[in-house]
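Structural description and commentary
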Amino acid sequence: LMCSKNITDESIDGILKLHYLEYLHLRETSISSHGLMRLMTSALGKQLKYVGFSSRTCGDFACVVSELQCITTLNISCNEFNVDAIFGPKPLNNLLHLKALTVHSEERGLEMGLETLINILGTQLVYLNLSSASPNIVNIIMRHCVRLECLIINSFFSSIEQIYLDTQPGFKSITSIY
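Cut-offs applied
- Residue indices begin from 1 for each chain and proceed along its sequence in written order.
- Whole-chain, interface and lining totals are the exception, using all residues; otherwise, since this is a predicted model, local features are given only for residues with pLDDT of at least 70 and side-chain atom pairs are given and counted only at 80 or more.
- For side-chain calculations, the full set of non-hydrogen atoms in the structure is used, while hydrogens and water are omitted.
- Burial status follows relative accessibility: with a 1.4 Å probe on protein chains alone, a residue under 20% of its type maximum counts as buried, one over 50% as exposed, and anything between as partly exposed.
- By definition, any uninterrupted DSSP run of H or I lasting at least four residues is a helix, any uninterrupted run of E lasting at least two residues is a strand, and each is numbered from the N terminus.
- This arc is built from the directions going out from the helix axis to the C-beta atoms.
- Working definition: rings of Phe, Tyr and Trp (its six-membered ring) pair if their centres are within 6.5 Å, and the pair is stacked with planes under 30 degrees apart, edge-to-face with planes over 60 apart, and tilted otherwise.
- A pair of strands is considered paired only if DSSP assigns at least 2 bridges between the two.
- Note on definitions: angles span 0 to 180 degrees between N-to-C directions of axes, and those axes are lines fitted to C-alpha atoms, for helices only across the stretch in contact.

To continue, consider helix α2 (residues 33-40). Inspection of α2 places Gly35, Leu36, Leu39 and Met40 among the buried residues, and these make up the whole buried set. Take α2 and look down its axis: the buried residues cluster within an arc of 135 degrees, on one side only.

Centre-to-centre distance and the angle between the planes together describe a pair of aromatic rings. Here the structure, examined in full by the defined rule, presents one aromatic pair. Centre to centre, the rings of tyrosine 23 and tyrosine 50 are 4.0 Å apart; their planes meet at 10 degrees, and the pair counts as stacked. Taken together, the residues span a long stretch of sequence, with tyrosine 23 in strand β1 (residues 23-25) and tyrosine 50 in strand β2 (residues 50-54) at a distance of 27 residues.

Turning our eyes to something else, we now look at the sheet that holds strand β6 (residues 150-153). One open sheet holds the six strands; their spatial order is β1-β2-β3-β4-β5-β6, and the pairing between them is parallel. Edge positions in the open sheet fall to β1 and β6, since each of these has one partner strand only. Strand-to-strand, the axes of this sheet are offset by a mean angle of 5 degrees, without reference to chain direction. Where strand β3 (residues 73-78) meets strand β4 (residues 100-105), six bridges bridge the pair, whose relative direction is parallel.

Shown next, in the form of structure tokens:
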């Protein structure tokens, strides 16, 4: 349903009929925060394993994330990455099954937000996809994401060099494309 502006709150009744749905990406739809909460608090929402959404989809991420009990993969696109606004103080405790995280954001707040997120969830992640990462974030990832099998950073700050990445323990191979 991603990038489907015709998907609105009126579409929710139809989505709720998909009893075996496990993968739902609502980025850039016209579903409101209220509609997204209706989906996430339903029986369907409680069984979802993958959820993707954007700040345009949901203004109150914390309420939505707090409902995701079975989620293994979370994809977030937002203009400003504020961990407290997205996850709130308690919902991170609900993400016990999260294994894969994608965060695409503009630079505002990304560094501090990622540090908080990785410090809390890093040990359970096997897949991490970021829109950018500074050398500090790469160091934090290397220290905390001990189970990581796939790391994708779409744009590096210019100070990260291939030699620096190659010296990280635990990675069998690292390919960097500048």
